[in-house]
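The chain contents come next:
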Amino acid sequence: KPELASLMKDARVARDAARRIRNVLDLVADDLLPEAAPWYPGRDAYADQIVKTAFERFSRAFDRWRDLFAAAEEQRDAARRTMDDYSAPNHEKKAAQVRHAQAMDQLNLLQRGTNALASDFYTYRYLATEGFLPGYNFPRLPLMAYIPSTRDGRGRQTYLQRPRFLALAEFGPRSLVYHEGRAYRVVRALLSLGHRESATPDAQLPTRVVRICTACGAGHFEDET
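This is a predicted model, so every value here is computed, not measured.

*Asks:* Please give an account of the nonpolar core that cites residues and values.
*Replies:* Residues Leu68, Leu110, Phe121, Tyr126, Leu127, Met144 and Tyr159 are the most contacted members of the largest nonpolar core, which totals 14 residues. Among the elements of the structure, helix H4 (63-83), helix H5 (90-110), helix H6 (123-129) and strand S1 (143-147) are those that each provide at least two residues to this core. Not counting chain neighbours up to four residues away, the residues in contact with Phe121 comprise Trp65, Leu68, Leu109, Leu110, Arg112, Gly113, Tyr126, Met144 and Tyr159. Grouped together as the second largest cluster of nonpolar side chains are eight residues, Ile147, Leu160, Phe171 and Tyr184 included.

What follows is the structure, given as structure tokens:
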């Protein structure tokens with residue numbers, strides 16, 4: 001919202017935030033000596049750096065939520081187009097109704113940002129998982145899998161979160177995911193906004209080339225020299 005963005009970018013707020021940051025840094029000054037923290041540029045420079053980038057980092061922290069919300073909206077709209085297509089076969093319309101209901105459930109889940117007990121998308125919990133806020137009880141930057149509600153009403157829709165090293169195996173194509181005594185199979189992936197245009201039925205998931213150093217184990221991506 002522009003009115004909130006303007007308040008967060010206010011110069012007076014920035015000056016007050018910088019003062020508070022400097023006060024905190026003064027408390028740990030003995031741990032930030034050059035030999036212990038060679039990356040530390042100094043109290044004033046570090047405080048100014050944090051304040052200067054705070055708003056953009058705060059905004060980027062919501063990119064995952066934006067991607068999930070946009071993907072759910074796209075699934076909802078695509079299902080509606082099929083449901084409104086009089087020439088579509090009956091079985092396609094029924095499948096579209098299921099996808100539409102799931103998309104609406106996803107949108108409802110993603111908007112539960114005010115209830116700390118009912119949702120992983122509670123604002124402070126979400127910002128902790130994204131690494132923007134300290135989150136000692138939540139894994140940083142997890143991958144998510146959407147679990148639909150069951151027809152008998154016993155299982156409710158939710159998003160499961162796993163650390164990336166676990167999710168690579170647990171959320172892989174055709175994998176079985178066990179949740180609350182039930183088994184679910186992974187049948188599709190929600191693509192990010194950057195790859196949404198290629199999401200045709202026969203499209204391949206985007207991949208990147210990486211070379212692993214045999215000496216130190218570091219990864220070198222294709223866009224690096």
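Back to the write-up after that little detour.
*Asks:* Account for a nonpolar patch on the surface, with residues named and values stated.
*Replies:* Where nonpolar side chains cluster on the molecular surface, the patch consists of Leu4, Leu7 and Met8 and spans about 300 Å² of accessible area. When you line up the elements, Met8 lands in helix H1 (residues 2-8).

*Asks:* Residues and numbers for the pairing of strand S3 (residues 176-179), please.
*Replies:* Side-chain alternation along S3 places Val177 and His179 on a buried face and Leu176 and Tyr178 on a face that remains uncovered. One ladder, built from four bridges, connects S3 with strand S4 (residues 182-185); its direction is antiparallel. Note on S4: the bridge partner recorded for Val177 is Tyr184. Taking the residues that link successive antiparallel strands as the turn, the S3-S4 hairpin has two residues, and the phi of Glu180 there is positive, at about 50°.

*Asks:* Talk me through the packing of H4 against H5; I want residue IDs and the actual numbers.
*Replies:* The geometry of H4 relative to H5 is characterised by a closest axis approach of 8 Å and an angle of 150° between their N-to-C directions. The angle between H4 and H5 falls in the class roughly antiparallel. In this structure, H4 crosses over H5, and the sense of that crossing is left-handed. In contact with Trp65, Leu68, Phe69, Ala72, Glu73, Gln75, Arg76, Ala79, Arg80, Thr82 and Met83 of H4, H5 contributes Glu92, Lys93, Ala96, Gln97, Arg99, His100, Gln102, Ala103, Met104, Gln106, Leu107 and Leu110. Its residues assigned to classes, the contact of H4 with H5 comprises 11 nonpolar, six polar and six charged.

*Asks:* Any details on the confidence of the model for the protein? Residues and values, ideally.
*Replies:* On average, residues of the protein carry a pLDDT of 82, and 83% of them reach 70 or more. For the protein, per-element mean pLDDT is lowest for helix H7 (residues 164-170), which scores 77, and highest for helix H2 (residues 11-27), which scores 94.

*Asks:* Tell me what's going on with the pattern of salt bridges, and back it up with residues and numbers.
*Replies:* Counted under the stated rule, the structure contains nine salt bridges. Two residues, Asp16 and Arg20, come together in a salt bridge whose shortest N-O distance is 3.0 Å. With Asp16 and Arg20 both in helix H2, this residue pair falls four residues apart, about one helical turn. Across the pair Glu130 and Arg64 runs a salt bridge, and its minimum N-O distance is 2.6 Å. Residue Glu130 is found in the loop between H6 and S1, and its partner Arg64 is found in helix H4; the two are separated by 66 residues along the sequence. Judged by relative accessible area, which is 17%, Arg64 ranks as buried. Taken together, the shared-partner salt bridges in this structure form one network comprising Arg22, Asp26, Arg43 and Asp44.

Cut-offs and rules
- Every chain is numbered on its own, with residues counted from 1 as its sequence reads.
- It should be noted that, the model being predicted, local features are given only for residues of pLDDT at least 70 and side-chain atom pairs only at 80 or more, the latter also being counted only at that level, while totals for whole chains, interfaces and linings use all residues.
- Note that water and hydrogens are dropped before the side-chain values are worked out from all heavy atoms of the structure.
- We define the nonpolar core as a collection of buried residues of types Ala, Val, Leu, Ile, Met, Phe, Trp, Tyr and Cys that are connected through side-chain atoms lying within 4.5 Å of one another.
- Each residue's exposure class comes from its accessible area (1.4 Å probe, protein chains only) as a fraction of the maximum for that residue type: buried when under 20%, exposed when over 50%, partly exposed otherwise.
- Only runs of H or I of at least four residues qualify as helices and only runs of E of at least two qualify as strands under DSSP, and these elements are numbered from the N terminus.
- Only heavy atoms matter for contacts: two residues are in contact if any of them lie within 4.5 Å across the pair.
- Each patch groups residues whose relative accessible area exceeds 30% and which form no salt bridge, using 9 Å between like charges and 5 Å between nonpolar side chains of Val, Leu, Ile, Met, Phe, Trp and Tyr.
- Using a 1.4 Å probe, accessible areas were evaluated by the Shrake-Rupley method; residue-level cover was limited to the displayed protein chains.
- Only one rule defines a salt bridge in this text: a Lys or Arg side-chain nitrogen within 4 Å of an Asp or Glu carboxyl oxygen.
- Pairs of strands are assigned from DSSP output, requiring at least two bridges between the strands.
- Interaxial angle, 0 to 180 degrees, is taken between N-to-C directions of lines fitted to C-alpha atoms, where a helix line uses only the stretch in contact.
- These descriptions rest on fixed angle ranges, namely under 35 degrees for roughly parallel, over 145 for roughly antiparallel, 65 to 115 for roughly perpendicular, and the rest for oblique.
- Whether a crossing is left-handed or right-handed is set by the direction in which the near helix is turned from the far one by less than a right angle, anticlockwise for left-handed and clockwise for right-handed.
- Side-chain classes follow a simple rule in which Ala, Val, Leu, Ile, Met, Phe, Trp, Tyr, Cys and Pro form the nonpolar group, Asp, Glu, Lys and Arg form the charged group, and the remainder, Gly included, forms the polar group.
- Along the chain, pLDDT gives the predictor's confidence residue by residue, from 0 to 100.

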